[in-house]
Amino acid sequence: MPLYLGLDSSTQSLTAVVVDIEGDRREVVFQSSLSFDRDLPQYGTRHGVLPNRNPAISQSSALMWTEALDVMLGRIASGGLDLSRFVAVSGSAQQHGSVYLGAGAEIVLANADPGRPLHEQIKSVLSRNVSPIWLDASTSIECAEITAAVGGADMLAKTTGSRAFERFTGPQIRRFFKQEPAAYAGTDRIHLVSSFLASLLAGQHAPIDPGDGSGMNLMDLRASAWWTPAVEATAPGLLAKLPTIRPSRTVIGTLSPYWQRRHGLPAARVLAWSGDNPCSLIGTGLVREGIVAISMGTSDVIFGPMREPRVDTTGTGHVFGSPTGEFMGLTVFSNGSLARERVRDAFGLSWKTFSAALEATPPGNDGRTLLPWFVPEITPSVVSPAVHRFGLEADDGPGNVRAIIEAQQMALASHSRWMEVDVKTIYATGGAATNRSILQVMADIFGADVYQFEVGNTACLGAALRAFHGERTASGQPVDWDDVVRELAEPVASTRVRPDPRSHAIYRDLMAVYAAREAEILSRL
Ligand code: ADP
Ligand code: XUL
């Protein structure tokens, strides 16, 4: 009977999933999604990003995320659910993005007028109008400065789980401090997207959880505490501006009077939010080591649980905290859906004709490949984007369709070897995981079985399941993680995509060719 709400504020959209869990019965009773570009066109975003002439800069709007939250909670309230059964809410958000608030924000959060939209009231307490997000690649200098100040890349990676990355929050904060010192000084609290949205719900400053905190280059991964050398290397006075770090299962409070009065929602418990990848780990049921998931949302991400943090010595991957209190390994690619869409649109295709072109071309593409860096790439690090084609004409539609998909899957396979997982099974999620032609290439390249999920947005489902876990823990009736993820977060057996051994053999050879081409171009950048 109790209802648990999960929200996912991703790059391009806000999604809500409500699950009904009673004893052994688990059911999704509500799902809704809102596209930032389409449903809130007044912000002028494209794929959820504000236009900018500099391709290295990617920013979005905290007011847009706030307005989206208000619209979505309105939809939930009028969605025909018995609101009195609604007991807890948690959330998932795109990682690394940050929101800058001035003094007095908490007074506005606690006393927001339910007669006026929240985003109008929050506007006056933002100390920075824009929020840098994970697609941003403008902080290479700040990455180098922080790395040097803490004693080198190995030290930073060993302590925080990652070497310095342009999109991570610490380098972004440092750039803000250097470029706008007065606005930095006027900032009282710096939130992640996750802790900002949790603060809006609870009407008070929310903590950061270790899953999202490990995407900042500021947190001691093993201690789940701010790491003073990194905090001091990033910007003066930063510690006082950072939220506290608390476990993902933390109850922050209840839905504030704003939500209760504006939408007639009950005083449901608000759990700490986390990043989309940690939430997706739960939403794909990955609470034990051995299986990996590949999320193809805006970014392409390969991730899996880790008992103990094994940091990537090659410097491409990350170790983050898992909502279970253990860890997760992941490798992230920015040229995911945006790159697939570029190819689709360049040849005037729909997803249907894109898939038909993929199926009409031979595995291995007769040796023709491309390096898919349409936007700045995270893995491997490519700050100035360019697409490199080998034996492939730029105007060959089907050839380019196969080349982009093979390139992405080969990059996922080769750059995740550091995770030391013998990949035999892959759980596929994110918007592009609905495309089984893409999943066949994935299965063939990895030589692994690939499965899909009933709930496509596993980050959102994971947030709802975290609300269930946290609420039950707080009520003195804790539930094992194995039980939390049972049924709803299990892949659908009938969706299995099997690898073709002949294609897999072709890809074993092509992977070596791809790696050599990648290394050659990188050596010239
Ligand atoms: P995010 O959570 O990062 O906002 P989603 O997981 O919602 O992203 O995925 C959105 C993306 O899914 C779109 O940008 C689109 O490119 C991709 N997508 C949707 N349907 C298909 C399809 N049939 N084939 C390939 N990609 C698809
Ligand atoms: C993770 C990352 C992306 C974002 C957006 O490190 O940068 O996956 O979380 O989804």
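Going by the structure above, here's the rest.
Below or above, wherever it landed, is the structure these notes cover. The shown structure was predicted, so the numbers you read here are calculated from the model rather than taken from an experiment.

1. Examining the overall build of the protein
- The helix and strand inventory of the protein stands at 20 helices and 21 strands.
- On C-alpha atoms alone, the protein measures out to a radius of gyration of 22 Å, which is about the 24 Å that the 2.2 N^0.38 rule sets for 525 residues.
- Along the first, second and third principal axes, the C-alpha set of the protein runs to 65 × 55 × 45 Å.
- Counting only residues that meet the buried cut, the protein has 62% of its 525 residues in that class.
- In the protein, the proportion of contacts linking residues at least 24 apart, taken out of those at least 6 apart, comes to 74%.
- About 18,900 Å² of surface is accessible on the protein, with carbon and sulfur atoms providing 50% of the total.
- Across the protein, 46 positive and 54 negative side-chain charges occur, with their mean positions spaced 1 Å apart.

2. Re the nonpolar core
- The biggest cluster of nonpolar side chains holds 76 residues, and the ones touching the most others in it are Leu218, Trp226, Ile426 and Phe446.
- Considering each element in turn, this core owes the most residues, nine residues, to helix α16 (residues 397–414).
- Excluding residues within four positions of it along the chain, leucine 218 makes contact with Thr160, Gly170, Ile173, Ala225, Trp226, Trp227, Ala230, Val231, Thr234, Leu238 and Leu242.
- In this structure, Leu3, Ala105, Ile133 and Phe196 belong to the second largest nonpolar core, which totals 72 residues.

3. Quick notes on the pattern of salt bridges
- Under the defined criterion, the tally for this structure stands at 25 salt bridges.
- Notably, a salt bridge pairs lysine 178 with glutamate 145, separated by 3.1 Å at the nearest N-O pair. Taken as a pair, lysine 178 in helix α7 (residues 169–179) and glutamate 145 in helix α5 (residues 140–150) lie far apart in primary sequence, 33 residues in all.
- Lysine 178 gets classed as partly exposed once you look at its relative accessible area, which sits at 36%.
- A salt bridge links aspartate 345 to arginine 344, with the nearest nitrogen and oxygen atoms 2.9 Å apart.
- Sharing partners across several salt bridges, the network here consists of Asp24, Arg26, Asp483, Arg486 and Glu487.

4. Points about the packing of helix α13 (residues 276–283) against helix α18 (residues 458–474)
- For the pair α13 and α18, interaxial distance at closest approach is 7 Å and the crossing angle is 75 degrees. Judged by the angle between their axes, α13 and α18 are roughly perpendicular. Contact residues: Asp276, Cys279, Ser280, Ile282 and Gly283 in α13; Thr458, Ala459, Leu461, Gly462, Ala463, Leu465 and Arg466 in α18.
- Residue composition of the contact of α13 with α18, by class: six nonpolar, four polar and two charged.

5. Thoughts on the site of ligand 1
- Taken together, 15 residues form the shell around ligand 1, and within it Ser10, Thr298, Glu341, Gly431 and Asn435 come nearest.
- In the model, an oxygen atom of ligand 1 is placed 2.6 Å from a nitrogen or oxygen of the threonine 298 side chain.
- Note that an oxygen atom of ligand 1 is positioned 2.5 Å from one of the side-chain N or O atoms of glutamate 341.
- In the complex, 76% of the free accessible area of ligand 1, which totals 580 Å², lies under the protein chains.
- In terms of residue class, the shell around ligand 1 is made up of three nonpolar, 11 polar and one charged.

6. Brief notes about the site of ligand 2
- Inspection of the region around ligand 2 gives Gln95, His96, Trp134, Arg167, Asp276, Asn277, Ser299, Val301 and Val332 as its neighbouring residues.
- Separating an oxygen atom of ligand 2 from a backbone N or O atom of glutamine 95 is a distance of 3.1 Å.
- When the free accessible area of ligand 2 is taken as 290 Å², the share hidden by the protein chains comes to 96%.
- Here the shell around ligand 2 is composed, by residue class, of three nonpolar, four polar and two charged.

7. Some details on the side chain of serine 437
- Following the sequence through the fold, serine 437 ends up in helix α17 (residues 436–446).
- Aside from chain neighbours lying at most four places away, what touches serine 437 is Ser355, Leu358 and Glu359.

8. Remarks on helix α14 (residues 337–346)
- Where burial is concerned, most of α14 is hidden: seven out of the 10 residues are buried.
- Within α14, burial applies to Ser337, Leu338, Ala339, Arg340, Glu341, Val343 and Arg344.
- Elements in contact with the buried residues of α14: β14 (292–296), β15 (300–306), α15 (351–360), β18 (369–373), α16 and α17.
- Glycine 348 lies just past α14 and shows a positive phi near 60 degrees.

9. Quick notes on the pairing of strand β6 (residues 98–101)
- Residue alternation in β6 divides its side chains into two sets, Ser98 and Tyr100 and Val99 and Leu101, and both sets are buried.
- Note: β6 against strand β8 (residues 189–192), four bridges, orientation antiparallel. Bridged to leucine 101 within β8 is arginine 189.

10. Focus on the environment of leucine 371
- On the secondary structure map, leucine 371 appears in strand β18.
- Each C-alpha atom of the pair leucine 371 and phenylalanine 390 lies 8.6 Å from the other, and the pair is 19 residues apart in sequence.
- Sequence-distant contacts of leucine 371, defined by excluding residues within four places in its chain, comprise Ala386, Val387, His388, Phe390, Tyr514, Arg517, Glu518 and Ile521.

Cut-off values and rules
- Residues numbered from 1 in each chain as written.
- Chains lettered and ligands numbered in written order.
- Predicted model: local features only at pLDDT ≥ 70, side-chain atom pairs only at ≥ 80, totals over all residues.
- Heavy atoms only, no water.
- Helix = DSSP H or I, 4+ residues; strand = E, 2+ residues; numbered from the N terminus.
- Rg over C-alpha atoms; globule rule 2.2 N^0.38 Å.
- Buried < 20%, exposed > 50% of the residue type's maximum accessible area, 1.4 Å probe, protein only.
- Contact = heavy atoms within 4.5 Å.
- Areas by Shrake-Rupley, 256 points an atom, 1.4 Å probe, with all protein chains shown as cover.
- Lys, Arg positive; Asp, Glu negative; His and termini not counted.
- Charge placed at Lys NZ, Arg CZ, Asp CG, Glu CD.
- Core = buried A, V, L, I, M, F, W, Y, C linked by side-chain atoms within 4.5 Å.
- Salt bridge = Lys/Arg side-chain N within 4 Å of Asp/Glu carboxyl O.
- Axes fitted to C-alpha atoms, helices over the stretch in contact; angles between N-to-C directions.
- Parallel < 35°, antiparallel > 145°, perpendicular 65-115°, else oblique.
- Nonpolar A, V, L, I, M, F, W, Y, C, P; charged D, E, K, R; others polar.
- Near = heavy atom within 4 Å.
- Polar contact = N/O pair within 3.5 Å; in protein donor to acceptor, adjacent residues only side chain to side chain.
- Pairing = 2+ DSSP bridges.

None of this, on its own, says anything about what the molecule does.
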